Each structure stands twice: as structure tokens, then as C-alpha cells.
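Chain and residue survey
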Amino acid sequence: MSDPTSNRDLVEKHFGVFQQLVAHADWYLAARRYQEAAVCAEIAANYAMCRHPGLFVSPRLERILLDIGNQAIQTNHPPAQGAPA
């Protein structure tokens, strides 16, 4: 049987690494380096999938991805009829 303390320590370690990866994505976003931000976000998501960081959703990572889309993809035309604004 596994030691619950060591499992908790492992999850905390994974959380710390995940937070660092998200911080890198955020830094690149702030620097307007959208490709690098997206790559870091993808790495963070993949890391969380393979090494559980103790959470199932990251509002910060979701915000970063939304901001990348909103800032990197500029459109000059209105949304399609019936599409959300």
C-alpha cells in the first residue's frame, strides 16, 4: 500500500511544476509572443494530464488560452449571423 504522505508530496510537487509552466505561458503572453505562450500552455496541459497536480481545471490557463486567441487572431469583419459576439 502506498504512503498517503508521499502521494500528497508528489501532487504538491506536480502542482508546483504545473504552476511554473503556466507562469511561462503567462510571461510569453504578456510579451506578445503568442506562439511561445501557446506552446507553454500546451506543455502545461499535457504535464497536468500525465502528472496530476491536484486540480481538474485551471482558470488561469484557460484565461491565457482565451487571451492568446483574442489577441493573436484579429478579425476585421463582424461575427457570422447567429454566432455569439
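Below: a short report on this structure. Remember, it's a predicted structure, so these values are computed and weren't measured experimentally.

Looking at unusual backbone geometry
- In this structure, Arg32 is a non-glycine residue whose phi angle is positive, near 60°.
- Tracing the backbone through its elements, the reader meets Arg32 in the loop between helix H1 (4-30) and helix H2 (34-50).

Here we look at the nonpolar core
- Judged by nonpolar contacts, the single largest core of 15 residues is most densely connected at Phe18, Val22, Leu29, Ala44, Leu61, Ile64 and Ile68.
- Elements supplying a minimum of two residues to this core: H1, H2 and helix H3 (59-72).
- No other element matches the 7 residues that H2 contributes to this core.
- Residue contacts for Leu61: discarding those within four places in its chain leaves Phe18, Val22, Ala41, Ala44 and Ala45.

Remarks on the packing of H2 against H3
- Orientation of H2 relative to H3, taken along the N-to-C sense of each, is 155°, at an axis distance of 10 Å. Of the possible angle classes, the one that applies to H2 and H3 is roughly antiparallel. As H2 runs across H3, the sense of the crossing is left-handed. Residues Tyr34, Ala37, Ala38, Ala41, Ala44 and Ala45 of H2 lie in contact with H3, whose contacting residues are Leu61, Leu65, Ile68, Gln71 and Ala72.
- Here the contact of H2 with H3 is built from residues that sort into 10 nonpolar, 1 polar and no charged.

The rules behind the values
- Residues numbered from 1 in each chain as written.
- Predicted model: local features only at pLDDT ≥ 70, side-chain atom pairs only at ≥ 80, totals over all residues.
- Heavy atoms only, no water.
- Helix = DSSP H or I, 4+ residues; strand = E, 2+ residues; numbered from the N terminus.
- Core = buried A, V, L, I, M, F, W, Y, C linked by side-chain atoms within 4.5 Å.
- Buried < 20%, exposed > 50% of the residue type's maximum accessible area, 1.4 Å probe, protein only.
- Contact = heavy atoms within 4.5 Å.
- Axes fitted to C-alpha atoms, helices over the stretch in contact; angles between N-to-C directions.
- Parallel < 35°, antiparallel > 145°, perpendicular 65-115°, else oblique.
- Left-handed = near helix turned anticlockwise from the far one by under 90°.
- Nonpolar A, V, L, I, M, F, W, Y, C, P; charged D, E, K, R; others polar.

None of this, on its own, says anything about what the molecule does.
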